[in-house]
Amino acid sequence: MWLNPEEVLLKNALKLWVTERSNDFFLLQRRRGHGEPTGRITGLLVGALDTVLDSNARVTPFRILLQVPSSQISWVIASGAAIEEVNKHWDWLVHNLLHSLSVFENKEDVASFVKGKVKGLIAEELRGRQAAQEDDPEKFREALLKFELHFGLPSSEKLVTYYSCCCWKGRVPRQGFLYLSINHMSFYSFLLGKEVKFVIPWAEMTRLERVSTGLMTEAIRVSTRQRQREFSMFLNRDEAFGVIGQLADIALRRLLDSEGLELDRVLQQPTRITKRILEEQAIREYVLALFRLPRAEKLHEVASCSLWTPHSRSHTAGTLYTTDSYLCFSSREEGSCILIIPLSEVQYLRHSLTEVTCSSGNQCEFLREAHDVSVCIFYFPQSAPTPYYTFYYDTGFSDEEEIEEKVLRNTVNSEALMTAFHQSQPGSMEQVKERLWEDHFLEFGRGVHMFRTEKIQRLVAMGIPESLRGELWMTLSDASSELESHQGYYTSLVQKSMGHSSLATEEIERDLHRSLPDHPAFQNPTGIAALRRVLTAYAHRNPKIGYCQSMNILASVLLLYAKEEEAFWLLVAVCERMLPDYFNRRVIGAQVDQSVFEELIRERLPELAEHVPDLSSLSSVSLSWFLTLFLSVLPFHSAVCVVDCFFFHGIKAIFQLGLAALEANAAQLSASTDDGQALMILTSEESSCVPSSPPAALETSSSSDTDVPAVRHTNITDLINQSYEKFGDLSVRHIERLRCRHRIQVLQAHEDTAKENALRVVTPDVSMSPENLTDVYDLFKTEHFISLYWGDSSSVAAAEAAAWHHGESGCSYIERQYRLDRPQFKSLYGLLVPWPGGSNQHADTLANRTFTLLDQERKNLVTFREFAGWLDTLYCEELNEKIRLLYRLHIPPGDSFRSHLDSHESFPAAVRAESREFIQFCKTLYGMFHGDPEENELFQAIATVTSLVLQIGEAGHRGRSSGSEVTSQEEGKEADPAQVAADDGSRGDASSTPESDWTVSYAQILASLLTEQALVQFFEQPLDLSAKIAEAKEKQYHQRAGLLTLQQRTS
């Protein structure tokens, strides 16, 4: 193994070591006496010395020394118990280092270089051992065996991690293990002969929170719709809380709203999820939110480092993040210093192996003066493989690029609308702001890669000058990188999208004249046409989002200050990066942030939360804050200042400003008597916000503030500054953690609403109790989820994806949400059918026929409405409807099942059962009677009915045959039975046999069954659906898991 380099003053002290291999820089030595004949006196002496001297008792027999020519000092860098192990290290040194050492002029640098490399190798091995310890193969294998043994889930239910914990039942703790898998949370305990175990699907979790009680300092509470579970643990509590939240969030996004929410590609494949993947995903989500990077960016490296900041002439400690297209730096204090470098702008990369000293700063200044480039030096600890990186990137603008950007097609505006429709503002104020920004650019750089510090935060709070607003929005959002990498994309998208009609374009046309109607730019055809092009192009680019109503207001403001193509890319940045999941079908992202906002109110404004216990009453106002970035509620010029802060801080700015607005009105809101009064207070507060002049402290020259009117208004700049001062410690990391937790609640609330709507649609068509219908829905949904957990869900997933993609206008959202394929339906059929099925083969045949009959749309999928109607017929309908259903199962499906259930008319006379089909019908009845207490009487009754129906069929057949025209005896013998059946008016079948020439109708079978009292009592006896559902809930998981495991083994 590699060793931390240790000096050896005497290379061969007391002749204890023998050199086996050597070169100019390294020696491989063997401990004398090891591997030599035992009779050698030297070996015996060395062995005795090693035994007596404790310091040398654990000396390994082989070692590698680093030696520098003409030096008396050597360093031990590796050792091993076997020659094979040390030879591997020797070979690595020879192949990777030996040739490089010859180029060093100073031999002392050789020692420093090799020691640095060895320390790097040790650090890599240490990280590997730590990872192996976390995923301890032996312990994890033992835990996995216990997990499979205790819960009996399929092998595809991958275990992610496990924790030792206590599960509390009242005041009684149960010590055991908490197993976290990709689809479930499982707990097992066995103490004093009592076993406790349960499984909670992530899809059933409705709330995750930390709680504190008298007995538990802090515990993790997991809530479902049925009950709450509380877990306490001494170790890894924060880690367990985070992993539980991540797994639940991933499962709910994958299962409940896979078409609406963005999910990382790795997380879409549950079998690839590991504890390490979850840790990396948490960091990635934080980085994407902090730097507002594109959602497709992958995080590759995270390293602690120091950044040389020229404006402060010092090193700023922080973290460096490397993604596909960006190099991002954040100081340890979040927001103190942020730097974003698009890799496409990096012109030169220099790798140095020497330690960075003060001369690096001088070098930085020299290179800036000589080449007009900015230099950032990242200094890493010595243990890192690469001490530092130096990046050079251009801070100037190319004249050719500016000309190129202005040359747009005729259909696209080349200037911001504000240049043509300018509304007068105080000139001195704008000039002061412009001068402050120009000074800032000289000191901190200009463009995407400029340093983002607290000073720029103060400038943004004042309001960005109109002349720079479009440029800075593009810079702060990094939309400029997207534009540069997609030259001509917007123009081609406009040409493709214009003229296409869709639901999105119809909604866009309706809202065009509602977008900032008071602004002159949108009282003009030029502005309306530009807004139409931007919104239509985006709807064409991202059909999953299409168009949402708040997008027109946002796009209007973007068009005022940015060129049309820039406004499009700003809209892309907002919808796809800065406000993820806001503009999907159900506005999930905005609702999640509303829920987060309510928790932040409880945390930061506890007195207000105490006086206004129902914070959701404020959502009618605060929701528009998040959806429109205050644009729809504040005066225009004040709202634009909020947008400035949003592009600098992201959604964090909206949270902070919302909290500041509530705090400023906390006394009035606490005194309000009803929700309406509270809303009036907030509305009046919003309308009174006005922009202001820049603070005098930031001005570089004396300027008069006499232009600012002395009226009693809320100063938007003061409000923004208050939000920074009082709530500036709100971090992006904290917001992301809250989002993960509250997304669970929001998705489950949507699921409850969908369930209520589904039950409301089905209830008028069925007779079962609302409680039973609710339980049947839960069984139906669970069966759908089980196949998504462990089964081959390709058919269901493909069908659902096609349904969402094409819209299926004839099928409601409730009917599209959960549907069962044939294997899923057969599993539920076996659990809920009220009568025994006889032989397995016949029961399987009957289940297949039932599925075929219920599949109205012939898509191999059954909806909940169809399933509930079938089950209601079996348990709640009259005798004749049950017989009608059984009869329909034994003839080829004609019209849809639902049409016959809804209609009380008799089947058409042509729908008749042949003798073969009637015999199958009788077999089904025999199977239903098996195991019944009145089995013998029922068998006799069905035998009587069968004989009677056979006689009726034969009589009818003879009657039709005698009335038919017969040409000759020989032709009659050679006649095709199918043709004879067709001539008799029955439904011909090419596979019919001579014995099936006769047919019988549903009315004849029903009349025959009514003659036997035993059969009438059997079909009219009440059936306990509640008991059957309770039994099915107990069996569903284990039965389906066993079937899926068997399928996986045989496939």
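This write-up is about the structure you can find in this document.

What counts and how
Starting afresh in each chain, residues are numbered from 1 along the sequence in its written order. Local features in this predicted model are restricted to residues whose pLDDT is 70 or higher, and side-chain atom pairs enter the listing and the counts only when it is 80 or higher, whereas totals over whole chains, interfaces and linings include all residues. Only hydrogens and water are removed before side-chain values are computed, so all heavy atoms of the structure are retained for them. Two kinds of site are reported from a 1 Å grid over the protein atoms alone, namely cavities, where a 1.4 Å probe fits but cannot get out, and pockets, open sets with protein on both sides within 12 Å along at least five of seven lines, and residues are called lining when an atom falls within 4 Å of a point. Grid points are joined across faces, edges and corners, and a volume is the space filled by probe spheres set on the points. In DSSP terms, a helix is any run of H or I states spanning at least four residues, a strand is any run of E spanning at least two, and both are numbered starting from the N terminus. For this scheme, ten residues count as nonpolar: Ala, Val, Leu, Ile, Met, Phe, Trp, Tyr, Cys and Pro. Four count as charged, namely Asp, Glu, Lys and Arg, and the remainder, Gly too, count as polar. For every domain, the bounds stem from an assignment made automatically or drawn from a database. DSSP bridges decide pairing: two strands pair if at least two such bridges lie between them. Fitted lines through C-alpha atoms serve as axes, helices being fitted only where they are in contact, and the angles separating the N-to-C directions of these axes extend from 0 to 180 degrees. By the convention used here, residues are in contact when the closest approach between their heavy atoms is within 4.5 Å. Here roughly perpendicular refers to angles of 65 to 115 degrees, roughly parallel to angles under 35, roughly antiparallel to angles over 145, and oblique to all remaining angles. In this scheme the handedness of a crossing depends on how the near helix is turned from the far one: anticlockwise by less than a right angle means left-handed, clockwise means right-handed. Here, nonpolar core means buried Ala, Val, Leu, Ile, Met, Phe, Trp, Tyr and Cys residues that are tied together by side-chain atoms lying within 4.5 Å of each other. Here's how the labels work: a residue is buried when its accessible area is under 20% of the maximum for its type, exposed when over 50%, partly exposed in between, all with a 1.4 Å probe on protein chains only. Every case where a carboxyl oxygen of Asp or Glu lies within 4 Å of a side-chain nitrogen of Lys or Arg is listed as a salt bridge.

**Re empty space enclosed by the protein**
Taken as a whole, this structure holds eight cavities of 30 Å³ or more when the rule is applied. What the largest cavity holds in volume is close to 150 Å³. Leu290, Arg292, Ile338, Phe648 and His649 are the residues nearest the centre of the largest cavity, which is lined by 13 residues in total. Only helix H7 (275-291), strand E16 (337-342) and helix H23 (636-649) provide two or more residues apiece to the lining of the largest cavity. Here the residues of the lining of the largest cavity sort into seven nonpolar, two polar and four charged. Taken domain by domain, the lining of the largest cavity gets at least three of its residues from each of domain 3 (294-379) and domain 4 (588-691 + 713-730).

**Quick notes on the sheet that holds strand E3 (residues 26-31)**
Backbone hydrogen bonds are what pair the strands of a sheet, in a parallel or an antiparallel way. The five strands lie next to each other as E1-E5-E4-E3-E2, forming an open sheet whose pairing is antiparallel. Looking at strand neighbours, the two that pair on one side only are strand E1 (2-8) and strand E2 (17-22), the edges of this open sheet. When the angles between neighbouring strand axes are averaged without regard to direction, this sheet yields 35 degrees. Pairing of E2 with E3, which is carried by five bridges, proceeds in the antiparallel orientation. Across the sheet, the residue bridging to Arg21 is Leu28, located in E3. Together, E1, E2, E3, strand E4 (62-67) and strand E5 (74-80) form the strand contacts of helix H2 (residues 83-96), whose direction differs from that of E3 by roughly 175 degrees.

**A few points about the packing of helix H13 (residues 466-477) against H23**
Orientation of H13 relative to H23, taken along the N-to-C sense of each, is 30 degrees, at an axis distance of 9 Å. When the axis of H13 is compared with that of H23, the two are roughly parallel. Like other packed secondary-structure pairs, H13 and H23 cross with a definite hand, here left-handed. Residues Glu466, Arg469, Trp473, Leu476 and Ser477 of H13 touch H23, and the partners they reach there are His637, Val640, Val643, Asp644, Phe647 and Phe648.

**Focus on the nonpolar core**
Membership of the largest hydrophobic core comes to 226 residues, with the highest contact counts inside it found for Met185, Trp473, Met551, Phe647, Leu662 and Phe867. Aside from chain neighbours lying at most four places away, what touches Phe647 is Arg292, Trp473, Leu476, Ser477, Leu558, Leu570, Val574 and Met578. One finds Trp75, Ala78, Leu93 and Leu101 within the second-largest nonpolar core, a separate group that totals 21 residues.

**Structural notes on the environment of Lys433**
As for its position among the elements, Lys433 is in helix H11 (residues 427-444). Residue class for Lys433 comes out buried when judged on its relative accessible area of 5%. It is 8.0 Å that separates the C-alpha atoms of Lys433 and Leu459, two residues lying 26 residues apart in sequence.

**Details of the pattern of salt bridges**
Within this structure, the stated rule accounts for 36 salt bridges. As a salt-bridge pair, Lys826 and Asp844 come within 2.7 Å of each other at their nearest N and O atoms. Taken as a pair, Lys826 in helix H32 (residues 822-832) and Asp844 in helix H33 (residues 840-854) lie far apart in primary sequence, 18 residues in all. For Asp844, a relative accessible area of 34% corresponds to the partly exposed category. Overlapping salt bridges bring together Glu204, Arg225, Glu751, Asp752 and Lys781 as one network.

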